[in-house]
Amino acid sequence: MSDGGIHPAKTFVDAAHDTLSNTQMRRNLRHVTSAIRDKRTRAVSEVDNWEDLREVASQTKQHVLENLETYLLQLEESVTRAGGQVHWATDAREAREIVAKIALKHGAKEVIKIKSITTDEIELNGFLQGRGVAAIETDLAELIVQLSHDRPSHILVPAIHKNRSEVRDLFNATLGAKLESDEPAQIAGAARTYLREKFFSVKMAVSGANFAIAETGTVCIVESEGNGRMCLTLPDVLVSIMGIEKVLPRWEDLAVFLEMLPRSSTAERMNPYNSMWTGVTENDGPKEFHLVLLDNGRTQVLRDEVGSQALKCIRCSACLNVCPVYERAGGHAYGSVYPGPIGAILTPQLLEMKDDKANTLPYASSLCGACYDACPVKINIPEVLIYLRGKVTKKKGTTLESLALKSMLWVMQEPHRFEGALKLGRLGQGPFTQNGKFTVLPGLLSGWTHSRDLPELPKQSFREWWKEQGQ
Ligand code: SF4
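To keep things clear, this report deals only with the structure shown in the data block. (Residues numbered from 1 in each chain as written. Predicted model: local features only at pLDDT ≥ 70, side-chain atom pairs only at ≥ 80, totals over all residues. Heavy atoms only, no water.)

Overview of the overall build of the protein chain
In step 1: Each helix and strand counted, the protein chain has 22 helices and 13 strands in total.
In step 2: The globule rule puts the C-alpha radius of gyration for 471 residues at 23 Å, and the 25 Å found for the protein chain is close to it.
In step 3: Across its three principal axes, the protein chain shows a C-alpha extent of roughly 90 × 55 × 45 Å.
In step 4: The buried share of the protein chain, reckoned over its 471 residues, is 51%.
In step 5: Charged side chains in the protein chain number 56 positive and 58 negative. The centres of these two groups are separated by 4 Å. (Helix = DSSP H or I, 4+ residues; strand = E, 2+ residues; numbered from the N terminus. Rg over C-alpha atoms; globule rule 2.2 N^0.38 Å. Buried < 20%, exposed > 50% of the residue type's maximum accessible area, 1.4 Å probe, protein only. Lys, Arg positive; Asp, Glu negative; His and termini not counted. Charge placed at Lys NZ, Arg CZ, Asp CG, Glu CD.)

Regarding the side chain of Ser265
In step 1: Summarising the element assignment, Ser265 is placed in helix α12 (residues 253–265).
In step 2: Within the structure, the side chain of Ser265 is placed 2.7 Å from the backbone oxygen of Leu261, a separation counted as a polar contact. (Polar contact = N/O pair within 3.5 Å; in protein donor to acceptor, adjacent residues only side chain to side chain.)

Describing the packing of helix α3 (residues 50–66) against α12
In step 1: Relative orientation of the contacting elements α3 and α12 amounts to 120°, with a least axis distance of 10 Å. In terms of their interaxial angle, α3 and α12 are classed as oblique. α12 is crossed by α3, and the crossing has left-handed handedness. Of α12, the residues touching α3 (which contributes Trp50, Leu53, Arg54, Val56, Ala57, Thr60 and Lys61) are Asp253, Val256, Phe257, Glu259, Met260, Arg263 and Ser264.
In step 2: Its residues assigned to classes, the contact of α3 with α12 shows seven nonpolar, two polar and five charged. (Axes fitted to C-alpha atoms, helices over the stretch in contact; angles between N-to-C directions. Parallel < 35°, antiparallel > 145°, perpendicular 65-115°, else oblique. Left-handed = near helix turned anticlockwise from the far one by under 90°. Contact = heavy atoms within 4.5 Å. Nonpolar A, V, L, I, M, F, W, Y, C, P; charged D, E, K, R; others polar.)

Some details on the site of the ligand
In step 1: Inspection of the region around the ligand gives 13 residues, with Cys313, Cys316, Ser317, Cys319 and Cys375 positioned closest.
In step 2: A class-by-class count of the residues in the shell around the ligand yields eleven nonpolar, one polar and one charged. (Near = heavy atom within 4 Å.)

Overview of unusual backbone geometry
In step 1: For Met353, which is not glycine, the phi torsion reads 55° and is therefore positive.
In step 2: With respect to the helices and strands, Met353 occurs in the loop between α16 (340–350) and α17 (370–374).
In step 3: What makes Met353 buried here is its relative accessible area of 9%.

Some details on the nonpolar core
In step 1: Within the largest apolar cluster, 63 residues are counted, with the highest numbers of intra-cluster contacts made by Phe12, Phe211, Phe257, Tyr334, Ile342 and Ile345.
In step 2: Setting aside residues no more than four positions away along its own chain, Ile345 makes contact with Ala310, Ile379, Ile381, Val384, Leu385 and Leu388. (Core = buried A, V, L, I, M, F, W, Y, C linked by side-chain atoms within 4.5 Å.)

Here we look at the packing of helix α9 (residues 164–174) against helix α10 (residues 184–201)
In step 1: Where α9 meets α10, the axes come as close as 10 Å, and the angle between the chain directions of the two elements is 30°. Here α9 lies roughly parallel to α10, going by the angle between them. Between α9 and α10 the crossing geometry is left-handed. In contact with Arg164, Val167, Arg168 and Phe171 of α9, α10 contributes Pro184, Ile187, Ala190 and Ala191.
In step 2: Classifying every residue of the contact of α9 with α10 by side-chain character gives six nonpolar, no polar and two charged.

A look at the sheet that holds strand β5 (residues 211–213)
In step 1: Pairing is mixed across the open sheet formed by four strands, whose spatial order is β8-β5-β6-β9. In this open sheet, the two edge strands, each paired with only one partner strand, are β8 (247–248) and β9 (273–278).
In step 2: Note: β5 against β8, two bridges, orientation parallel. Bridging across to β8, Ala212 finds its partner in Val247. (Pairing = 2+ DSSP bridges.)

Some remarks on the pairing of strand β2 (residues 110–113)
In step 1: Relative to strand β3 (residues 134–137), β2 runs parallel, the two being bridged by four bridges. The residue bridging Ile112 from the neighbouring strand is Ile136, located in β3.

As for helix α5 (residues 92–105)
In step 1: An ideal rise of 1.5 Å per residue puts 20 Å on 14 residues; α5 measures up with 20 Å between its terminal C-alpha atoms.
In step 2: Turning to α5, its buried residues number three or more, namely Ala92, Ala95, Arg96, Ile98, Val99, Ala100, Ile102 and Ala103.
In step 3: Where α5 is buried, its residues meet β1 (85–89), α7 (124–130), β4 (204–207), β7 (237–243) and β10 (288–294).
In step 4: Residue Gly107 follows α5 closely and has a positive phi angle near 65°. (Expected span 1.5 Å × (residues − 1).)

Shown next, in the form of structure tokens:
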């Protein structure tokens, strides 16, 4: 399945155990993320006022979140005035039903799709299939993921975990291609032959949306392959599904985001294809346009003063590419269509912190802060991670771990208690140490030594040495 939803099947630790043994994926990830990281640094350093742009982008998004209802109503009015139809979907089920109803009304047996994480979030493809409508992904990487019944592992490069030879074999098996070489041009050629026929024959398209402008009703999609432009212009019916947080107030707000998004994601100065459309235009493009505004937990997130900043995200994936945990564990370990640092704060919140497996995601971080530095809209991801960890801990109530931490706090609050504990520790550490290191700590503490060494307590602490110096 190419659409995986947002409900992790496993805890992050269990899922990461599986993915860490996939050496090919780790090699591919390391190679691609480090290449994009370097390119992004160069692309960003070309812009003298990058930090000013970040500030403007962040403030614009914050303003939208604070006035979301106003801008969404304005957007609805503008889209309707321009001949489009707006639908409100409270959750994934409603959004899927809306799309299926439109497809069935038009007798569509197939729809062509533009890469969209929002449609993956609502698990649209599988649902449409159940209603007899085949959803065909037209982005090359998404097509690869779909044909191999896999899940995307990166926001920007969903098939990052696949090798060229695998793709060649996949296309030979599923598209009837007769590729002998795994040259990128030949692989892309096979996809093009298959997709061209779909672009010219399928009458309905489904897309997501990068931005929508409240004052004009214009919807915007940026992409690199041109498949999006084909989907947005050739079919008779176009349905765009958009998370409610994607709205921007004014046309000129786009200027900032169209500067920042490509540099932060593909490290390009500009996306090769920037498509914008406003309602319907006679004899030009789709005859019918539907905009589905999706909530699916977002208004709940919006109510949270700290966590709501996750809704500023423009899905550039810069935070993924700088994250040491993502680089090693890979996107599948997050069990959601939103991987990496943004997934670690968005997925559990969209599920209202009620999903125990999703609630392990805020722990998928070393809190190094690289994601915050890279984020073009200045989402303080480490702050939200710590905040969400606090929520998870509170929800668990009193546990052995919380009792142990409370005891440690009590010990550390007074110097004499701390010194006493050190002395006791020194006396009792013998059975657990070898060659100057703790090898296996008992009980709850064993989690620490499971994958790390811990130096044994020194014969003399700094405080004792300091006292000895007569200070
Ligand atoms: S959180 Fe920031 S860096 Fe990460 S995908 Fe969203 S906008 Fe990009």
